[in-house]
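For reference, the chains in residue letters:
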Amino acid sequence: DSLLAQSESDWEAIIVDDASTDNTAEMVTKYTSACPNIRFFQRSVNRGVAAARNIGVTLSKGRYVTFLDSDDEYEVDHLAFRRRILVRDRMIQMLHGGIRIVGHPFVVDKDNPHETIHLSRCEVGGTFVIKNEVFQKIGGFDDLAYAEDSHFYETAIESGIQCYAVDHPSYIYYRNTIGQLTSQKLMS
């Protein structure tokens, strides 16, 4: 619903159902039948968030790609605000940042799974807006157990990608959903 409410109307959405066991397909049908720029892809085997995002990007036709997890939302100006930045400065290849956190703001530290860190010290994949061709050049998200978005960001920086941090909190990141991977301790 937050995507449909965007002030920016030039977008497409690829919904990737990664073998969910709920009624996702049924819920998505009401959106795909009402909105032609929403497409649905359903997998029969769960392969994780990295594979789902990579498939979505592969199926997309846009110059830029971004992400919206099923338990998060966009503020009404999310896409328009980010588009203005990219139009104003064509050298920027990737945007990140700009989140409003609802719930617990600490996650397991990817570098020390016995500790937690504040999300302000993390790269949240849902906030990424990246040129499609640059995403393909980097090779997409690696299939990691945790922090695939931070790893992607680090790879982008190491590859010389021109990144820009956004301060405007237009991505609403819900941290109060039961079963979130970022809420679990990853101790080995």
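Attention in this report is confined to the structure presented alongside it.

What counts and what doesn't
Residues numbered from 1 in each chain as written. Predicted model: local features only at pLDDT ≥ 70, side-chain atom pairs only at ≥ 80, totals over all residues. Heavy atoms only, no water. Helix = DSSP H or I, 4+ residues; strand = E, 2+ residues; numbered from the N terminus. Rg over C-alpha atoms; globule rule 2.2 N^0.38 Å. Contact = heavy atoms within 4.5 Å. Areas by Shrake-Rupley, 256 points an atom, 1.4 Å probe, with all protein chains shown as cover. Lys, Arg positive; Asp, Glu negative; His and termini not counted. Charge placed at Lys NZ, Arg CZ, Asp CG, Glu CD. Pairing = 2+ DSSP bridges. Axes fitted to C-alpha atoms, helices over the stretch in contact; angles between N-to-C directions. Salt bridge = Lys/Arg side-chain N within 4 Å of Asp/Glu carboxyl O. Buried < 20%, exposed > 50% of the residue type's maximum accessible area, 1.4 Å probe, protein only. Polar contact = N/O pair within 3.5 Å; in protein donor to acceptor, adjacent residues only side chain to side chain. Phe/Tyr/Trp six-rings, centres within 6.5 Å; stacked < 30°, edge-to-face > 60°. Lys NZ or Arg CZ within 6 Å of the ring centre and 35° of its normal.

1. As for the overall build of the protein
Check the secondary structure of the protein and you find five helices and 11 strands. By the compact-globule yardstick of 16 Å for 188 residues, the protein fits well, its C-alpha radius of gyration being 16 Å. Seen along its three principal axes, the alpha-carbon backbone of the protein occupies a region of about 45 × 40 × 30 Å. If you take every contact in the protein between residues at least 6 apart in sequence, the share linking residues at least 24 apart comes to 74%. Total accessible area on the protein stands at roughly 10,500 Å², and carbon and sulfur atoms take up 51% of it. Distance between charge centroids for the protein: 5 Å, based on 19 positive and 27 negative side chains.

2. Quick notes on unusual backbone geometry
At Ala 19, a position not held by glycine, the phi torsion is positive, near 60 degrees. Even without a glycine there, the phi angle at Ala 147 is positive, about 65 degrees. Within the element layout of this structure, Ala 147 appears in the loop between helix H4 (132-138) and helix H5 (148-158).

3. Remarks on the sheet that holds strand E10 (residues 163-165)
Sheet strands line up and pair through hydrogen bonds in the backbone, either parallel or antiparallel. Strand order in the open sheet formed by four strands is E3-E9-E5-E10, with mixed pairing between adjacent strands. Looking along the sheet, the strands with just one partner apiece sit at the ends: strand E3 (64-66) and E10. On average, each strand axis in the sheet is inclined to that of its neighbour by 20 degrees, with strand direction left out of account. Here E3 pairs with strand E9 (residues 129-131) via three bridges, running antiparallel. Residue pairing in the sheet places Tyr 64 in a bridge with Lys 131 of E9. Sitting on the sheet, H5 is in contact with strand E5 (94-96), E9 and E10, with an inclination near 140 degrees to E5.

4. Section: the pattern of salt bridges
In total, this model carries nine salt bridges according to the counting rule given. One salt bridge in this structure joins Asp 111 and Lys 110, with 3.1 Å as the shortest N-O distance. On the accessibility criterion, Asp 111 (61% relative accessible area) is exposed. For Lys 110, a relative accessible area of 34% puts it in the partly exposed group.

5. Focus: the pairing of strand E8 (residues 112-118)
Where strand E7 (residues 106-109) meets E8, four bridges bridge the pair, whose relative direction is antiparallel. Residue pairing across strands places Phe 106 opposite His 118, the latter belonging to E8. Between E7 and E8, which pair antiparallel in sequence order, lie two residues.

6. Some details on the side chain of Ser 2
Along the chain, Ser 2 turns up in the segment before strand E1 (13-18). We classify Ser 2 as buried; its relative accessible area is 12%. At a separation of 3.0 Å, a polar atom in the side chain of Ser 2 contacts the main-chain amide nitrogen of Tyr 74. Setting aside its immediate chain neighbours within four residues, Ser 2 contacts Leu 68, Glu 73 and Tyr 74.

7. Digging into the packing of aromatic side chains
Across all of its chains, the model carries eight aromatic pairs by this definition. Residues Phe 128 and Phe 141 carry aromatic rings whose centres are separated by 6.5 Å and whose planes lie at 5 degrees to one another, so their mutual orientation is stacked. Of this pair, Phe 128 sits in the loop between E8 and E9 while Phe 141 sits in the loop between H4 and H5, and the two are 13 residues apart along the sequence. Exposure class is identical for Phe 128 and Phe 141. Each is buried. By the ring-pair criterion, three or more aromatic residues cluster together here, those being Phe 67, Phe 128, Phe 135, Phe 141 and Phe 152. The ring of Phe 67 has Arg 53 sitting right over it, with the charged end atom 5.2 Å from the ring centre. Note that Arg 53 overlies the ring of Phe 141, its terminal NZ or CZ placed 5.4 Å from the centroid.

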